[in-house]
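Tertiary structure, described
Here is how the chains run, residue by residue.
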Amino acid sequence: MNAPAKIVAKSKLSEWKGLDRIGLLVHGMRCIWREQEKDDVGIDGEIEFCRPRSDGDGAIATGKIVKVQSKSGSSFVIRDGDDGFASPVAEKDLYYWRGFNLPVIYLVYHPDDDALYWKDVKAYLRDNPGALTAPHRIEFSKAEDRFDENAYPALLALCEAAPEHVSTEAGETLFTNLLRIERRPKTVWIAPVLPQKQFGFHDRLTGIIPPYVYTRAGVSVATASAAAVRTRVFMAAFPRRWVFGA
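Report follows, based on the coordinates. (Residues numbered from 1 in each chain as written. Predicted model: local features only at pLDDT ≥ 70, side-chain atom pairs only at ≥ 80, totals over all residues. Heavy atoms only, no water.)

1. Some points on helix α2 (residues 91-98)
Applied cut-off: Throughout this description, buried means an accessible area under 20% of the type-specific maximum (1.4 Å probe, protein chains only), exposed means over 50%, and partly exposed covers the range between. For the purposes of this entry, the term helix denotes a DSSP run of H or I that reaches at least four residues, the term strand denotes a run of E that reaches at least two, and both are numbered from the N terminus. The arc in question is formed by the directions pointing from the helix axis toward the C-beta atoms. The contact criterion used is simple: two residues touch if any of their non-hydrogen atoms lie within 4.5 Å.
Regarding α2, the residues found buried are Asp93, Leu94 and Trp97. With its buried residues spanning 100° around the axis, α2 presents them on a single face. Summarising the contacts, the buried residues of α2 are in contact with β3 (59-72), β5 (104-110), α3 (121-127) and β7 (137-141).

Put into structure tokens, the structure is as follows:
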């Protein structure tokens, strides 16, 4: 009786080959390829683009990132011809990629050509809005969309055109609980805390002056009551002493 064997599917081998090819080409561009380690929901990895150093010794990391979704195998290559082919995609993936806050490229490993092809997903959907209606496909040109070291300038331009993660143009309303200090206290009283009382002082102090919040950064902050605001009283408590001013 033959022992049961673990089978590696042909599709899995094709997937690994495609991912390995991505890493090989990205490193050939002197950029960084980071494969997604945990199970993904539509992103397989990312490319961080690097610029060559002026002295030719290594490269400078830019922090510019492109997210990558890759597919491998003949099942992701349909309507194949000398000039191009199409790749079927899920509708939910298209909407997911379109809403990403980083550029997303779709990479397909073509096993018969032994080559990778790529598309900027957001630009493709912008230029081809019909791609969001069935049948959902992304069309590739074998001459223009080949993913190799010659794609570096176009990929870097895609990163440069991407908006910053934090907008410097959009505004927002700030709601603050800070109180304006209208004058300094004329008199300050300091009362030491007995050494035997210092242990757990922070916890015992909480709630004494409601509403009260104690921070462990060294100083406690009291949200003063309306009466305290009117009389301009400032209170603070330190781990080893009380400080009271009025």
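Resuming the write-up.
2. Let's talk about helix α1 (residues 10-28)
The condition that has to hold: Expected helix span is computed as 1.5 Å times (number of residues minus one).
For α1, built from 19 residues, the straight-helix expectation of 27 Å at 1.5 Å per residue is met to within 8% by its first-to-last C-alpha distance of 27 Å. Regarding α1, the residues found buried are Ser14, Gly18, Leu19, Ile22, Gly23, Leu25 and Val26. Tucked into the core, α1 has its buried residues touching β1 (32-35), β2 (45-52), β3, β5 and β6 (115-120). Two residues or fewer after α1 comes arginine 30, characterised by a positive phi angle close to 65°.

3. Digging into the layout of surface pockets
Any space left empty among the atoms is revealed by the rolling of a water-sized probe across them. Threshold: Grid points spaced at 1 Å and placed over the protein atoms alone form the basis of the search, with a cavity being a set where a 1.4 Å probe fits but cannot get out and a pocket an open set showing protein on both sides within 12 Å along at least five of seven lines. Lining residues have an atom within 4 Å of a point. Grid points are joined across faces, edges and corners, and a volume is the space filled by probe spheres set on the points. Here the nonpolar group is Ala, Val, Leu, Ile, Met, Phe, Trp, Tyr, Cys and Pro; Asp, Glu, Lys and Arg are the charged ones; every other residue, Gly included, is treated as polar.
There is about 340 Å³ of room inside the second largest pocket. Along the wall of the second largest pocket there are 16 residues; nearest its centre are Ser11, Ser14, Glu15, Ser72 and Gly73. Broken down by secondary-structure element, the contributors of at least two residues to the lining of the second largest pocket are α1 and β3. Top element by residues in the lining of the second largest pocket is α1. It accounts for six residues. Counted by class, the lining of the second largest pocket contains four nonpolar, eight polar and four charged residues.

4. Focus: the nonpolar core
Cut-off, in case you're wondering: Throughout this description, the term nonpolar core refers to a set of buried Ala, Val, Leu, Ile, Met, Phe, Trp, Tyr and Cys residues connected via side-chain atoms within 4.5 Å.
Counting 23 residues, the largest nonpolar core has Ile47, Phe49, Ile105, Phe147 and Leu155 as the members making the most contacts within it. Every element with two or more residues in this core is listed here: α1, β2, β3, β5, β6 and α4 (152-161). Setting aside residues up to four positions removed in sequence, phenylalanine 49 forms contacts with Cys31, Ile60, Ala61, Thr62, Gly63, Lys64, Val66, Tyr152, Leu155, Leu156 and Cys159. Of all hydrophobic cores here, the second largest spans 21 residues; its members include Leu94, Phe100, Val121 and Ala131.

5. Here we look at the packing of aromatic side chains
Our working rule: Any two rings among Phe, Tyr and Trp, with Trp reduced to its six-membered ring, count as a pair given centres within 6.5 Å; such a pair is stacked if its planes are under 30 degrees apart, edge-to-face if over 60, and tilted if neither.
Using the criterion set out here, one finds six aromatic pairs in the structure. Arranged with centres 5.3 Å apart and planes meeting at 70°, the rings of phenylalanine 85 and tyrosine 117 form a pair that is edge-to-face. Linking phenylalanine 85 in strand β4 (residues 84-88) with tyrosine 117 in strand β6, this pair joins segments that are 32 residues apart in sequence. Judged by relative accessible area, phenylalanine 85 falls into the buried class, the value being 1%. By relative accessible area, tyrosine 117 is classed as buried at 1%. Ring geometry for tyrosine 96 against phenylalanine 100: centres 5.4 Å apart, planes inclined by 85°, an arrangement best described as edge-to-face. On the accessibility criterion, tyrosine 96 (32% relative accessible area) is partly exposed. Its relative accessible area of 18% is what places phenylalanine 100 among the buried residues.

6. A look at the pattern of salt bridges
We count it as follows: Salt bridge, as used here, is a side-chain nitrogen of Lys or Arg placed within 4 Å of a carboxyl oxygen of Asp or Glu.
A full pass over the atoms with the stated rule returns 10 salt bridges. For glutamate 46, the salt bridge goes to arginine 34, with nearest N and O atoms at 2.9 Å. Of the two residues, glutamate 46 sits in strand β2 while arginine 34 sits in strand β1, which places them 12 residues apart along the sequence. The network of salt bridges with shared partners includes Arg34, Glu46, Glu48 and Lys67.

7. Here's the deal with the environment of valine 26
Within the element layout of this structure, valine 26 appears in helix α1. Put simply, valine 26 and phenylalanine 49 are 23 residues apart on the chain and 9.0 Å apart in space, counted from C-alpha to C-alpha. If sequence neighbours within four positions are ignored, valine 26 has contacts with Cys31, Ile32, Trp33, Ile47 and Phe147.

8. Comments concerning unusual backbone geometry
Note the cis peptide between alanine 134 and proline 135, where omega equals -5°. Within the element layout of this structure, proline 135 appears in the loop between α3 and β7. One non-glycine residue, aspartate 114, lies in positive phi territory at about 50°. Along the polypeptide, aspartate 114 turns up in the loop between β5 and β6. A relative accessible area of 33% means that aspartate 114 is categorised as partly exposed.

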